[in-house]
Amino acid sequence: MEGDCRLCGGDGRIGNALGRSTATCPGCHGSGRRGDTSTAFHDVTKTKPSHHARPEAVAKGPKVPVTPEGAQLASEVSASTVLTEDAKTRLLAEIMNHESTHGRCTQTFLKKVRKQARPGPGPKS
Ligand SMILES: [Zn+2]
């Protein structure tokens, strides 16, 4: 949802690379919300510095787009009449992956996805 922490996707916890344990998300301190940066120093001294939790670029588990553009795009994809469910799932994952990599949706990316989501003038019509 809008305002969800983009490090943890809103669940407030982050699994480490080994998947054995979770740590409180440093981005939101467990609230799952995209916190304001003034509280960013609040809790970190309790955990080990640096390598305890890296923001992962890999999309895993159900997440939602965190940018307004991404959310808008996701709803366009979901509402698309030309995409299969598989294609929608793949595009949604792509959106979230793109967001986590770039921090937002680029215009190029928006165009690329919209082109696939819209019937538009295509060879078949
Ligand atoms: Zn978080």
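Up top you'll find the structure we're talking about.
The structure reproduced in this document is the subject of the present report. Keep in mind the model is a prediction, meaning the values are calculated, not measured.

Here is what the cut-offs are and how they apply
Residues numbered from 1 in each chain as written. Predicted model: local features only at pLDDT ≥ 70, side-chain atom pairs only at ≥ 80, totals over all residues. Heavy atoms only, no water. Helix = DSSP H or I, 4+ residues; strand = E, 2+ residues; numbered from the N terminus. Buried < 20%, exposed > 50% of the residue type's maximum accessible area, 1.4 Å probe, protein only. Contact = heavy atoms within 4.5 Å. Areas by Shrake-Rupley, 256 points an atom, 1.4 Å probe, with all protein chains shown as cover. Donors = N, O, S within 2.8 Å, 3.2 Å for Na, K, Ca; no water. Tetrahedral: all angles 85-135°; square planar, octahedral: opposite > 155°, others 65-115°. Polar contact = N/O pair within 3.5 Å; in protein donor to acceptor, adjacent residues only side chain to side chain. Salt bridge = Lys/Arg side-chain N within 4 Å of Asp/Glu carboxyl O. Arc of directions from axis to C-beta.

Time to look at the overall build of the protein chain. Each helix and strand in the protein chain was counted, giving 3 helices and 2 strands. In the protein chain, the succession of α and β elements from N to C terminus is β-β-α-α-α. A total of 125 residues make up the protein chain; the buried ones form 26% of that total. Considering only residue pairs separated by 6 or more positions, the protein chain has 54% of its internal contacts joining residues 24 or more positions apart. Only carbon and sulfur atoms are counted for the fraction: they give 56% of the accessible area of the protein chain, which is about 8500 Å².

Coordination sphere of the zinc ion, protein contribution only: Cys5 (SG), Cys8 (SG), Cys25 (SG) and Cys28 (SG), at 2.3 Å. Considering all 4 donor atoms around the zinc ion, the spread of angles at the metal, 105 to 118°, places the coordination shape in the tetrahedral class. Taken in chain order, the donor set of the zinc ion reads C-x2-C-x16-C-x2-C. Pair check on accessibility: Cys5 and Cys8 agree, each one buried.

We now examine the side chain of Thr67. With respect to the helices and strands, Thr67 occurs in the loop between β2 (22–24) and α1 (68–79). Within polar-contact distance, the side chain of Thr67 engages the side chain of Glu99 at 2.5 Å. Here Thr67 is in contact with Glu99, Gly103, Arg104 and Cys105, once residues within four sequence places are set aside.

As a further point, take the pattern of salt bridges. Tallied over the full model, the rule gives 5 salt bridges. Taken together, the shared-partner salt bridges in this structure form one network comprising Arg90, Glu94 and Lys112.

Turning to helix α3 (residues 107–117), its buried residues number three or more, namely Phe109, Leu110, Val113 and Ala117. Angularly, the buried residues of α3 cover 100° about the axis, an arc narrow enough to put them on a single face. Seen from the buried face of α3, the exposed residues on the opposite side, beyond 90 degrees, are Gln107, Thr108, Lys111 and Lys115. Against α1 and α2 (85–102) lie the buried residues of α3.

Positioned with a positive phi, His29 is a non-glycine residue whose angle comes to about 55°. One can find His29 in the loop between β2 and α1.

Take the environment of Pro26 next. Relative to the elements of secondary structure, Pro26 occurs in the loop between β2 and α1. The partly exposed category is assigned to Pro26, whose relative accessible area is 24%. With 19 residues separating them along the chain, Pro26 and Leu7 place their C-alpha atoms 8.0 Å apart.

Read these as spatial facts, not as claims about activity.
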